[in-house]
Amino acid sequence: MAASRYDLVVIGSGPGGYVAAIRASQLKMRVAVVERDLPGGVCLNWGCIPSKALLNSAETMELIRGAAREHGIQTDEIRFDFKRVIARSRAAADKLSKGVRFLLRKNKVDYIEAQGSLLGPHTVALTPVAGKSPPPAEALEAERILIAAGSAERLLPGMTIGDNLMTSKEALLNDRLPGSIVIIGAGAIGAEFGYFYQAFGSKVTIVELEKQMLPGMDAEIAEELRKEFVKKGVTVLLGHSYQSAKRKGSGWSVGLNANGSETTVDADAVLVAVGRSPVTHELGLDKLGIELERGGFIKTDESFRTSCPSVYAIGDVVRPPLLAHKASAEGVAAVEIMAGIRQPGFDLLSIPACIYCEPEVASVGLSEAEAKRRGLDVKVGRIPFRANGKAVAVNQTEGFVKIVATRQYGEVVGCQIIGHHATDLISEVVLGKTLETTTAELGRSVHPHPTLSEAIMEAALAADGEAINF
Amino acid sequence: MSTEITMPKLSDTMEEGKILRWLKHPGDQVRHGEPIAEIETDKADMVMEAYDDGLLDEILVHEGESVKVGAVIAVLRSAAEQARVGESASSAAAKRGSPGPFTATKGDTSQSAENQALEAEQAETQSAEAQRPRVASVRQIRRRRPEEEPAEVSVDKTSFSDVSRQSETEPGAEQHAGDNSSRFHPAVSAVQSAAPTAIAAAPPPPLSPTQTRGQETSLSAENKLRASPLARRAAEEAGIDLSQIRGTGPEGRITKRDVDNFLREQQLFKFRRLIAPREGLPGSREELSKMRKTIAHRMAQSKREIPHFYVTIEVDMEEAVKFKNSLEATEIFEEDITYNDIIIKATALALSRYTRMNASFENDGIVIYPNINIGMAVAVEDGLIVPVIHQCEQKTLPEISRAAHRLISKAAHGGFSGDDLSGATFTISNMGMLGVEHFAAVIVPPQAAILAVSAVKDKPVVRNGQVVVGKTMMLTVACDHRIIDGVVGARFLNEVKRFLENPASLLV
């Protein structure tokens with residue numbers, strides 16, 4: 001095995017790496033994937049999938065709690081086993097991780113458990129990982145190498161994990177529900193865990209340095225989310241910077257600073273959700289002189305090639321947004337470019353971003369403010385879900401749809417949605433963007449009634465000042 | 001009989017060509033071999049000659065427009081055919097009501113199906129532009145300007161109510177016109193399929209542009225595949241005919257970027273004519289011309305894919321100089337034989353002995369060419385072109401000289417035709433006139449080698465144990481190591497040297 005040479009060795013089996021490996025195998029490359037943790041990477045094991053399982057439990061909880069008020073369905077006192085909630089999430093992750101292993105085998109991709117690092121332009125060193133089967137060789141030879149090592153939770157200076165000071169990874173395993181929790185960071189992870197703990201009855205405080213939740217997101221959407229969170233009983237502190245976390249009894253006292261005035265918030269637990277950093281250490285990048293960019297991302301060209309021509313990189317190690325589906329799409333693109341069946345280049349503006357708290361938030365492309373900042377002359381169509389029949393029928397009327405289109409051609413350059421099933425609704429606009437749709441086509445495509453998707457059609461019409469139902 | 005005139009492939013790398021000027025106009029009699037148009041390719045401006053006799057009936061691609069190689073640019077008809085056209089329309093009218101065999105032409109080729117879609121698209125764009133309910137006729141207005149209109153029946157001036165009648169008659173006409181002039185007719189039938197929809201949507205008052213758009217985008221499935229809604233709208237506003245644009249999206253779909261690039265190209269083309277010297281201003285950025293793009297692409301590809309190695313040899317040119325002078329003095333040939341001609345002849349002779357130098361690396365195999373076609377790199381404004389002397393193995397020195405002079409003069413004045421720029425199996429780059437001591441050239445893929453020729457210089461040489469002033473020249477051959485090994489390269493070069501140092505051999 002050691003003597004034979006692979007066409008491609010992928011470092012990392014997350015949604016970027018394993019998808020790239022399967023695509024490469026489909027394109028008749030001989031492929032190996034090197035993984036130090038579990039098949040499927042952070043997404044399947046420590047991110048997207050287990051957190052969605054938890055959120056599903058939270059949603060169920062809210063549904064039951066609202067049953068009497070909304071539907072007149074009476075329930076006795078609601079009890080729950082938090083350990084089961086966590087265990088269910090782990091089971092989902094485990095099942096999908098095994099699924100990835102299966103898919104790799106089915107596609108004849110060699111799966112190797114080891115820490116992979118660059119030894120030369122065509123050599124990947126394999127370092128054994130404790131508790132895993134020893135690697136079959138000391139190194140693999142490869143025509144090309146693809147780095148898909150992903151990202152890891154970021155900590156703030158002076159923080160150490162432990163004693164209920166957690167990142168999302170620890171939170172996913174923590175089966176003792178904290179009575180109160182301070183969440184530092186109101187991005188996607190902070191919002192999702194905030195919603196989750198709130199649903200199960202924790203007292204939740206979310207702290208954000210920026211002046212809005214979901215920094216970078218359309219401000220109107222972010223404000224709507226904040227209102228919904230406050231309605232649920234979450235305390236949202238915007239414009240507060242984290243100063244310190246000190247032990248206080250069995251819990252924590254978190255020091256904050258807002259415009260020079262110091263405050264503290266006490267809680268049983270602290271969740272740090274201040275973003276993720278690319279995993280670039282331990283990869284031997286410096287050995288090949290592979291250059292990094294600002295933020296520690298690996299520098300690549302339009303073909304996903306690093307400064308070493310036989311080494312490629314995709315996904316979280318390369319550039320934001322740090323999203324699983326972006327990594328998968330980049331993985332496929334990189335491999336197809338290697339195979340010469342695709343032109344270099346990748347459109348980041350057609351990558352949707354989704355947040356799975358309730359109400360859900362989804363967006364693609366440019367926000368109104370960002371479009372204007374780029375000098376585009378845009379028009380915006382905005383439709384609230386309370387003007388949508390289905391939303392009223394199922395009593396999910398919070399939120400709205402915004403479509404941002406150029407004034408010149410009606411080109412759809414962005415869409416933001418907050419509301420029930422927003423994450424499912426966004427795909428229509430993603431497809432539309434990929435096909436270079438204008439508001440004319442979105443507005444004239446017949447949408448089934450009654451569905452939430454009608455709000456997209458109406459928002460497109462609204463951009464042209466032609467909305468019928470609003 | 002009518003004949004389609006298509007955009008010829010005038011060079012190996014040519015994908016599309018632009019009509020610079022029509023030298024013949026509709027109604028003009030055209031003879032085989034007569035120049036009919038000037039065409040800009042990725043390499044040079046060339047003259048296109050007619051392959052057949054006939055009457056130029058219709059020009060489909062106007063001056064300044066680009067089309068892909070193989071696209072129909074004009075139609076040539078005999079006088080008899082010209083007369084028959086009038087009948088065909090009326091006989092078609094007699095068959096009114098026959099089922100519309102749209103598939104009759106669809107079965108033809110996928111190419112024509114694509115054409116239909118394209119042309120239907122034009123009809124749409126045009127109708128929106130015209131903003132009046134003359135759906136079928138508008139295409140004609142654009143396609144055949146009145147001054148180009150041959151004397152034949154067309155739907156041009158039909159009123160709106162006539163359009164529906166026309167749409168019933170045309171399918172019949174199409175069956176009738178099942179000859180090779182049918183390229184024109186599918187378009188008409190594609191328009192008809194559009195017509196009823198538009199009629200239904202139109203009734204009395206004219207539609208506003210936005211409303212019209214909405215209707216048009218739902219016309220037919222083929223249309224949607226060919227260009228994105230955004231691209232279509234951008235093209236419409238810029239007044240560009242979508243059929244001029246090459247799509248780079250999935251399945252050749254035209255995207256907004258293609259429209260943007262097309263517009264930029266057009267602008268650049270105009271701009272390029274305005275500024276004469278092509279030296280870049282310090283600090284400026286210059287968009288690549290088609291030729292520069294081709295050079296950039298091919299040379300980079302060569303260096304990327306072909307493992308080059310180089311062999312250099314010094315040639316004593318004393319005898320060659322005497323040989324050239326004696327040819328001049330005796331005027332034995334009509335032609336003025338140049339060093340370049342002598343070197344081409346010597347190279348051709350050497351190539352006929354070392355066939356691997358006249359080869360190409362293909363799919364892990366080596367293809368030895370049956371002929372020796374020598375390309376000469378010739379500098380032109382902002383680039384170089386490589387005109388080709390074909391079948392050098394069969395040509396005498398004066399014949400080579402004549403061919404070379406013809407090509408070089410064409411390079412200076414334009415007017416390449418046929419295979420003047422394609423089919424080279426070996427290339428010579430001569431910088432002797434620039435006085436260079438020595439240089440190496442980049443192989444032109446898929447050839448196996450290129451010979452770099454430096455200047456003939458006065459140099460001290462040793463002859464009969466004495467240092468005297470001699471005339472020498474450096475030759476460097478770059479070889480594709482996948483095909484040629486050092487020994488072969490060296491032997492070939494020695495062979496060229498031997499012929500040059502014994503020039504009587506060049507008279508064979």
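Residues numbered from 1 in each chain as written. Chains lettered and ligands numbered in written order. Predicted model: local features only at pLDDT ≥ 70, side-chain atom pairs only at ≥ 80, totals over all residues.

Draft legend 1. Spatial organisation of the overall build of chain B. Secondary structure summary: chain B contains 15 helices and 19 strands in total. Sorting the 508 residues of chain B into buried and exposed places 39% on the buried side. Long-range pairs, those at least 24 residues apart, make up 66% of the contacts in chain B between residues at least 6 apart in sequence. (Helix = DSSP H or I, 4+ residues; strand = E, 2+ residues; numbered from the N terminus. Buried ≥ 20, exposed ≤ 12 C-beta atoms within 10 Å, placed from the backbone. Contact = placed C-beta atoms within 7 Å.)

Draft legend 2. Structural context of the overall build of chain A. Each helix and strand counted, chain A has 13 helices and 22 strands in total. Out of the 470 residues in chain A, the part that is buried amounts to 49%. In chain A, once contacts between residues fewer than 6 apart in sequence are set aside, the share between residues at least 24 apart is 63%.

Draft legend 3. Examining the interface of chain B and chain A more closely. Taken together, the contact between chain B and chain A spans eleven residues of the former and nine residues of the latter. Among the elements of the structure, helix H7 (209-216) and helix H9 (229-238) of chain B are those that each provide at least two residues to the side of chain B that touches chain A. It is H9 of chain B that provides the largest number of residues to the side of chain B that touches chain A, a total of five residues. Per-class residue counts for the side of chain B that touches chain A are four nonpolar, four polar and three charged. (Nonpolar A, V, L, I, M, F, W, Y, C, P; charged D, E, K, R; others polar.)

Draft legend 4. Representation of the packing of helix H13 (residues 339-353) of chain B against helix H15 (residues 486-501) of chain B within the structure. All names here are of chain B. It is at 9 Å that the axes of H13 and H15 come closest, and there the two elements cross at 135°. When the interaxial angle is binned, H13 and H15 end up oblique. H15 is crossed by H13, and the crossing has right-handed handedness. Of the residues in H15, those in contact with Ala346, Thr347, Leu349, Ala350 and Arg353 of H13 are Phe492, Glu495, Val496, Phe499 and Leu500. The residue inventory of the contact of H13 with H15, partitioned by class, reads seven nonpolar, one polar and two charged. (Axes fitted to C-alpha atoms, helices over the stretch in contact; angles between N-to-C directions. Parallel < 35°, antiparallel > 145°, perpendicular 65-115°, else oblique. Left-handed = near helix turned anticlockwise from the far one by under 90°.)

Draft legend 5. Layout of the sheet that holds strand S18 (residues 353-355) of chain A. All names here are of chain A. On the basis of which strands lie adjacent, the open sheet formed by five strands has the order S18-S19-S22-S21-S20 and antiparallel pairing. Each having just a single partner strand, S18 and strand S20 (378-384) make up the two edges of the open sheet. Across the sheet, the mean angle separating the axes of adjacent strands is 10° when strand polarity is ignored. Those strands touched by helix H11 (residues 422-434) are S18, strand S19 (360-365) and strand S22 (412-419), and its axis lies near 10° from that of S19. (Pairing = 2+ DSSP bridges.)

Draft legend 6. Geometry of the confidence of the model for chain B. All names here are of chain B. Per-residue confidence for chain B gives a mean pLDDT of 72, with 66% of residues at or over 70. Mean pLDDT values over the elements of chain B span from 27, in helix H4 (residues 135-143), up to 96, in strand S17 (residues 449-453). Segment residues 270-278: pLDDT under 50, and three contacts once partners within four positions in sequence are set aside and those in other chains are kept. The ipTM value of the predicted complex is 0.73, and its pTM value is 0.57. (pLDDT = per-residue confidence, 0-100.)

Draft legend 7. Region of interest: the pairing of strand S2 (residues 31-35) of chain A. Residues and elements named next belong to chain A. Here S2 lies mainly inside the structure; five of its five residues are buried. Residues Val31, Val33 and Glu35 line one face of S2 and the alternating positions Ala32 and Val34 line the opposite face, and both faces are buried. Across four bridges, the pairing between strand S1 (residues 5-11) and S2 is parallel. For Val10, the partnering residue across the bridge sits in S2 and is Val33. Traced from S1 through helix H1 (residues 17-26) to S2, the parallel crossover comes out right-handed. The sheet contact formed by S2 and strand S3 (residues 110-113) spans four bridges and is parallel. Residue pairing in the sheet places Ala32 in a bridge with Asp110 of S3. (Right-handed = clockwise from strand over helix to strand, strands pointing away.)

Draft legend 8. Just the environment of Ala219 of chain A, in detail. Residues and elements named next belong to chain A. For Ala219, the location among the structural elements is in helix H7 (residues 219-232). Assessed through the 16 C-beta atoms surrounding it within 10 Å, Ala219 is described here as partly exposed. Through-space distance from the C-alpha of Ala219 to that of Ser367 is 8.8 Å; in sequence the pair is 148 residues apart. Sequence-distant contacts of Ala219, that is, excluding residues within four places in its chain, are made with Gln212 and Ala369.

Draft legend 9. View of unusual backbone geometry. Residue and element names in this part refer to chain A. Residue Pro320 is joined to Pro321 through a cis peptide bond whose omega torsion reads -5°. Summarising the element assignment, Pro321 is placed in the loop between strand S17 (311-313) and helix H8 (324-338). Cis peptide bonds are those with omega within 30 degrees of zero, and the linkage from His449 to Pro450 qualifies with -5°. With respect to the helices and strands, the residue Pro450 is situated in the loop between helix H12 (439-444) and helix H13 (454-463). For Asn259, which is not a glycine, the phi torsion comes out positive at approximately 50°.

Draft legend 10. The nonpolar core, seen in detail. Counting 141 residues, the largest nonpolar core has Ile147 and Val270 of chain A as its most contacted members. Residues in contact with Ile147 of chain A, not counting those within four places in the same chain, are Ile11, Leu283, Ile298, Val311, Tyr312, Ala313 and Val317 of chain A. By size, the runner-up hydrophobic cluster in this structure holds 85 residues, among which are Cys392, Ala403, Leu451 and Ala478 of chain B. (Core = buried A, V, L, I, M, F, W, Y, C linked by C-beta atoms within 7 Å.)

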